[in-house]
Amino acid sequence: MKSLFAAITLVLGLVFMQALAFAALPKAQPDNPNIAAGRKAIEAKDFKSAVGNLTKAVQENPNDADAHTMLGYSYRKLGTFDKSMEHYQKALKIDSNHRSTHEYLGELYLDMNQPANAEKQLQALKKLVLSLENARSTTTSRKQSISTKRIILVRQQSSKESL
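Described in the following lines is the structure provided in the data block. (Residues numbered from 1 in each chain as written. Predicted model: local features only at pLDDT ≥ 70, side-chain atom pairs only at ≥ 80, totals over all residues. Heavy atoms only, no water.)

**As for helix 6 (residues 99–111)**
Taking 1.5 Å as the rise per residue, helix 6 with 13 residues should run 18 Å; its terminal C-alpha atoms sit 19 Å apart, in good agreement. If you check which residues of helix 6 are buried, you get Ser100, Thr101, His102, Glu103, Tyr104, Leu105, Gly106, Leu108 and Tyr109. Looking at the residues trailing helix 6, positive phi occurs at Asn113, about 60 degrees. (Helix = DSSP H or I, 4+ residues; strand = E, 2+ residues; numbered from the N terminus. Expected span 1.5 Å × (residues − 1). Buried < 20%, exposed > 50% of the residue type's maximum accessible area, 1.4 Å probe, protein only.)

**Examining the pattern of salt bridges**
Opposite charge on two side chains makes pairing possible when the charged atoms of those side chains draw close. In the structure shown here, the tally under the stated rule is three salt bridges. Residue Arg76 is joined to Asp111 by a salt bridge in which the shortest nitrogen-to-oxygen separation is 3.3 Å. One end of the pair, Arg76, is in helix 4 (residues 65–78); the other, Asp111, is in helix 6, and 35 residues separate them in sequence. Under the relative-accessibility criterion, Asp111 is labelled partly exposed at 42%. One salt bridge connects Glu86 with Lys90, and the closest N-O pair in it is separated by 3.3 Å. With Glu86 and Lys90 both in helix 5 (residues 81–94) and four residues apart, this pair spans about one turn of that helix. A residue is classified by how much of its surface remains accessible, and Glu86, at 32% relative accessible area, is partly exposed. With a relative accessible area of 37%, Lys90 lands in the partly exposed category. (Salt bridge = Lys/Arg side-chain N within 4 Å of Asp/Glu carboxyl O.)

**With respect to the environment of Met112**
You can see Met112 is positioned in the loop between helix 6 and helix 7 (115–162). Leave out the neighbours within four places in its chain, and Met112 touches Phe81 and Met85. (Contact = heavy atoms within 4.5 Å.)

**Structural notes on the packing of helix 4 against helix 6**
Contact pair helix 4 / helix 6: the axes reach a minimum separation of 10 Å and the direction vectors enclose 20 degrees. Relative to helix 6, helix 4 is oriented roughly parallel. Crossing hand, helix 4 versus helix 6: left-handed. When helix 4 is examined against helix 6, the residues Thr69, Tyr73 and Arg76 are found in contact with a partner set consisting of Ser100, Thr101, Tyr104, Glu107, Leu108 and Asp111. (Axes fitted to C-alpha atoms, helices over the stretch in contact; angles between N-to-C directions. Parallel < 35°, antiparallel > 145°, perpendicular 65-115°, else oblique. Left-handed = near helix turned anticlockwise from the far one by under 90°.)

Here it is as structure tokens:
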């Protein structure tokens with residue numbers, strides 16, 4: 001019963017983190033026709049065609065973390081977990097902060113009945129989301145500070161001009 005509760009908690013956590021991380025399928029190079037075709041195949045749930053198109057995409061650009069993630073996703077949906085793992089790991093080697101990859105790798109671990117590893121991916125995803133939120137708040141603070149400085153400068157200019 002405890003392991004069922006833990007699995008449900010992990011699934012819900014991954015789903016929740018997906019919403020926070022905006023972890024829809026990554027937006028990889030839209031000008032690449034193989035990626036565009038792979039994305040359409042995924043949307044149509046034609047994962048076999050997606051694998052064909054995305055395999056070509058990663059051959060053309062082996063350093064495209066998004067393409068590797070989508071290929072790993074397609075393999076996972078086909079039940080080819082070893083290939084899925086291979087491409088998720090390649091994606092994380094290219095970009096260790098790739099939120100979609102961490103999410104989908106967590107789902108793969110759940111599919112493979114490895115909840116402890118899924119939990120590690122959930123924790124990595126939480127850390128990335130917090131980092132993203134902190135970066136956004138820092139940027140907002142900087143923008144507010146710059147705006148305040150501009151207002152002060154404009155007021156100083158106006159004061160000088162009125163003298």
